[in-house]
Amino acid sequence: MKAKTQLNQRNLANLPDSVKRPTYDRSGLTAGIIHIGVGGFHRSHEAYYTDELLETSGSTAWGICGVGLREADGKIAEVLKSQDYLYTLIVKHPDGSIETRVIGSIIDFMLGCNDPEGVIDRMAAPTTKIVSLTITEGGYNFDPATGLFDFKNLDVKHDLKHPDQPKTVFGFLAAALRKRRADGLPPFTIQSCDNIEHNGDMTRNMLLAFTQKADPDLATWIEDEVGFPNAMVDRITPVTTPLDVKSLEEDFGVKDEWPVTCEPFCQWVIEDKFSDERPQWETVGAQFVENVTPYETMKLRLLNAGHSVLGLLGSIHGHTTINECIADPLFETYLRRFMDVEASPVLDPVEGIDLEKYKASLIERFGNPAIKDSLARICLESSAKIPKFIIPTVRENIARKGSTEFAALVLAAWCYYSDKGTDKDGHKLEIVDAMKSELHLAAARTVKDKLAFLKVRAVFGDLVENKSFAAEYAGMVDELYTYPDIARQMQALLFGRE
Ligand code: CS2
């Protein structure tokens, strides 16, 4: 039996040699970065890059203070505090080998729902240079039907009435920027790390819409002074399982209540548009570029869209993980065909990237048998993902009269998934989506109206008005409801009817 060491600052020196750990002086760091949304992805990505930077540069200005805005963030707050904000990153290679590394860049954590003034003050402190965000695709409060900021959101209404006790990220950003301006401080950079095309521009537009209503003078200052770099972020980070916690303890001797697992691959391409100082992340593998758009479009429409394609088709077929889908030749071929015939033709060339190699690398990454990325995670909040990952490709193909059938079948599968909530053999699927009941109600009307699901404007906009796409989709839903066997339809699209 291996000796077991509780992860905390005091015990760092006692960890087994196989576990890499920070050697820099964490007690001397200031939090130049405040990060809102400390989920697995932040911990495998920005916090990892920053840890490497602190390890190699001797800089003391770039510690991270994590922030959670919701009650549900209480758990991560508690775990991180009890471990002196340390956690283990478990990197799983396809050959089964594992690297473990304790990340030290997070040095504090605050809960906005318990202490809004404290969080605002921290964001407004002179040492804060960047507020970064992973608030998920659905967190931007963007109404896809109108393209505008959603003022109907009750928390937004609350924030407009109580600017010093905000609940939403926009309320917090506005309050902190207002304070900095009053204190004569430069603004921080606002850095989105979410999977949204032009994520910086999106953040800017949403924050400006909010502040134009809340405080028009402040909006002008934000417009003139605040940097919102767009970025492409990438590292597959599955949900941590109890088995991950147990294996870390048994195989490596580290007791860590909430480690993070991820793949070896990691990428971060950022526009160099910061309002103030920034970390030299380029020294640890990030790329700074003039224009990130082609990179983000490529990633969203191949990787994230590819995930959703496998996630929805795979779920109703009865697969449970991404690597299981890739191990099934029908699914791998389908994904390749979607990427080649529908996604690639509407992508701009990306400097320095060979698209064929990029797609092959995605198949390889998805196939990593150690990752076991669950389809439940991939399908989580599909209503926020599909409009960003798949619908733009469909629209562009409609415009250029290209193929849309591979995507249409995914939407038909999503309808079935939302309606039945089971795979084809009746096993219950775990569906988590802010629009779950609305989507279920629409999907359940399919038998009466084949286009009922496609008519949900908040997701599909006016897609249903395109007659030929609507007919293609209707035919697929019809067939799926008649023969609930998605593999049969995938086969027919790929190889024709027998
Ligand atoms: C996934 C992403 O949430 C999803 O649907 O596609 O979380 C994906 O794993 C990451 O963006 C990888 O960088």
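Residues numbered from 1 in each chain as written. Predicted model: local features only at pLDDT ≥ 70, side-chain atom pairs only at ≥ 80, totals over all residues. Heavy atoms only, no water.

**Description of the sheet that holds strand E4 (residues 64-68)**
Strand pairing within a sheet occurs via backbone hydrogen bonds; the two strands may be parallel or antiparallel.
Item 1. Pairing is parallel in the open sheet, where 5 strands are placed in the order E7-E4-E3-E8-E11. Both outer strands of the open sheet, strand E7 (106-111) and strand E11 (189-192), are each paired with one neighbouring strand and no more. When strand polarity is set aside, the average angle formed by the axes of neighbouring strands in this sheet is 25 degrees.
Item 2. With 4 bridges connecting them, strand E8 (residues 130-133) and E11 associate as parallel partners. Residue pairing for E11: Ile130 is matched across the bridge by Thr189.
Item 3. Of the strands in this sheet, strand E3 (33-36), E4, E7 and E8 touch helix H2 (residues 46-57), which is tilted by about 160 degrees from E3. (Pairing = 2+ DSSP bridges. Helix = DSSP H or I, 4+ residues; strand = E, 2+ residues; numbered from the N terminus. Axes fitted to C-alpha atoms, helices over the stretch in contact; angles between N-to-C directions. Contact = heavy atoms within 4.5 Å.)

**A few points about the pairing of strand E15 (residues 267-271)**
Item 1. Here E15 lies mainly inside the structure; 5 of its 5 residues are buried.
Item 2. Burial of E15 is two-sided: the residues Gln267, Val269 and Glu271 facing one way and the residues Trp268 and Ile270 facing the other way are all buried.
Item 3. Relative to E15, strand E12 (residues 231-234) runs antiparallel, the two being bridged by 4 bridges. Bridging across to E15, Val233 finds its partner in Trp268.
Item 4. Judged from the 3 bridges that link them, E15 and strand E16 (residues 287-289) form a sheet pairing that is parallel. Residue pairing for E16: Ile270 is matched across the bridge by Phe288. (Buried < 20%, exposed > 50% of the residue type's maximum accessible area, 1.4 Å probe, protein only.)

**Thoughts on the pattern of salt bridges**
Item 1. With the rule as written, the count across this model stands at 30 salt bridges.
Item 2. One salt bridge in this structure joins Arg122 and Asp108, with 2.7 Å as the shortest N-O distance. A residue pair is termed long-range when its members are at least 10 positions apart, and Arg122 in helix H4 (residues 116-123) and Asp108 in strand E7 qualify at 14 residues.
Item 3. Residue classification places Arg122 among the partly exposed residues on the basis of a relative accessible area of 25%.
Item 4. Where Arg365 meets Glu263, a salt bridge forms, and the shortest distance between an N and an O atom there is 2.5 Å. One end of the pair, Arg365, is in helix H13 (residues 355-367); the other, Glu263, is in the loop between strand E14 (260-262) and E15, and 102 residues separate them in sequence. Comparing Arg365 with Glu263, the two get one shared label, buried.
Item 5. Linked by salt bridges that have partners in common, Lys20, Asp51, Glu52 and Arg101 make up one network. (Salt bridge = Lys/Arg side-chain N within 4 Å of Asp/Glu carboxyl O.)

**Some points on the packing of aromatic side chains**
Item 1. Scanning the entire structure with this criterion turns up 12 aromatic pairs.
Item 2. Ring geometry for Tyr49 versus Trp268: centroids 5.3 Å apart, planes at 45 degrees, classification tilted. Taken together, the residues span a long stretch of sequence, with Tyr49 in helix H2 and Trp268 in strand E15 at a distance of 219 residues.
Item 3. Relative accessible area serves as the criterion here: at 2%, Tyr49 is assigned to the buried category.
Item 4. The side chain of Lys213 reaches across the aromatic face of Phe151, ending 4.2 Å from its centre. (Phe/Tyr/Trp six-rings, centres within 6.5 Å; stacked < 30°, edge-to-face > 60°. Lys NZ or Arg CZ within 6 Å of the ring centre and 35° of its normal.)

**A closer look at the site of the ligand**
Item 1. As a structural note, the neighbourhood of the ligand is formed by 13 residues, with Asp234, Lys299, His307, Arg377 and Lys385 the closest of them.
Item 2. The separation between an oxygen atom of the ligand and a polar side-chain atom of Asp234 is 2.6 Å.
Item 3. In the complex, 93% of the free accessible area of the ligand, which totals 340 Å², lies under the protein chains.
Item 4. The set of elements that each furnish at least two residues to the shell around the ligand consists of E12, helix H10 (293-317), helix H14 (375-379) and helix H15 (382-389).
Item 5. The class makeup of the residues in the shell around the ligand is 5 nonpolar, 3 polar and 5 charged.
Item 6. Lining the shell around the ligand are residues from two domains, each supplying at least three of them: domain 1 (5-289) and domain 2 (293-495). (Near = heavy atom within 4 Å. Polar contact = N/O pair within 3.5 Å; in protein donor to acceptor, adjacent residues only side chain to side chain. Areas by Shrake-Rupley, 256 points an atom, 1.4 Å probe, with all protein chains shown as cover. Nonpolar A, V, L, I, M, F, W, Y, C, P; charged D, E, K, R; others polar. Domains from an automatic or database assignment.)

**Observations concerning helix H17 (residues 405-420)**
Item 1. Counted at 1.5 Å a residue, the expected span for H17 with its 16 residues is 22 Å, and the 22 Å between its end C-alpha atoms agrees.
Item 2. Most of H17 is tucked away: 14 of the 16 residues are buried.
Item 3. Among the residues trailing H17, Gly421 stands out with phi positive, at a value near 65 degrees. (Expected span 1.5 Å × (residues − 1).)

**Digging into the domain arrangement of the chain**
Item 1. Domain annotation of the chain identifies domain 1 (5-289) and domain 2 (293-495).
Item 2. With centres defined by C-alpha atoms, the gap from domain 1 to domain 2 works out at 29 Å.
Item 3. Each side of the interface is counted separately: domain 1 has 31 residues, and domain 2 has 26 residues.
Item 4. One can count 3 salt bridges joining domain 1 with domain 2.

**A closer look at the environment of Arg457**
Item 1. By the element assignment, Arg457 lies in helix H19 (residues 457-460).
Item 2. Taking the C-alpha atoms as reference points, Arg457 and Ile386, 71 residues apart in sequence, are found 13 Å from one another.
Item 3. Excluding residues that lie within four positions of it along the chain, Arg457 makes contacts with Ala145, Asp462 and Glu465.

**Regarding the sheet that holds strand E6 (residues 98-103)**
Item 1. Pairing in this open sheet of 4 strands is mixed, and the strands run E2-E6-E5-E14 from one edge to the other. The open sheet has two edge strands, strand E2 (19-20) and E14, and neither has a second partner.
Item 2. By the bridge criterion, 2 bridges tie E2 to E6 in an arrangement that is parallel. Counted as the bridge partner of Val19 is Thr100 from E6.

**Quick look at H15**
Item 1. Counting buried positions over the 8 residues of H15 gives 8, a clear majority of the element.
Item 2. The set of residues buried in H15 consists of Ser382, Ser383, Ala384, Lys385, Ile386, Pro387, Lys388 and Phe389.

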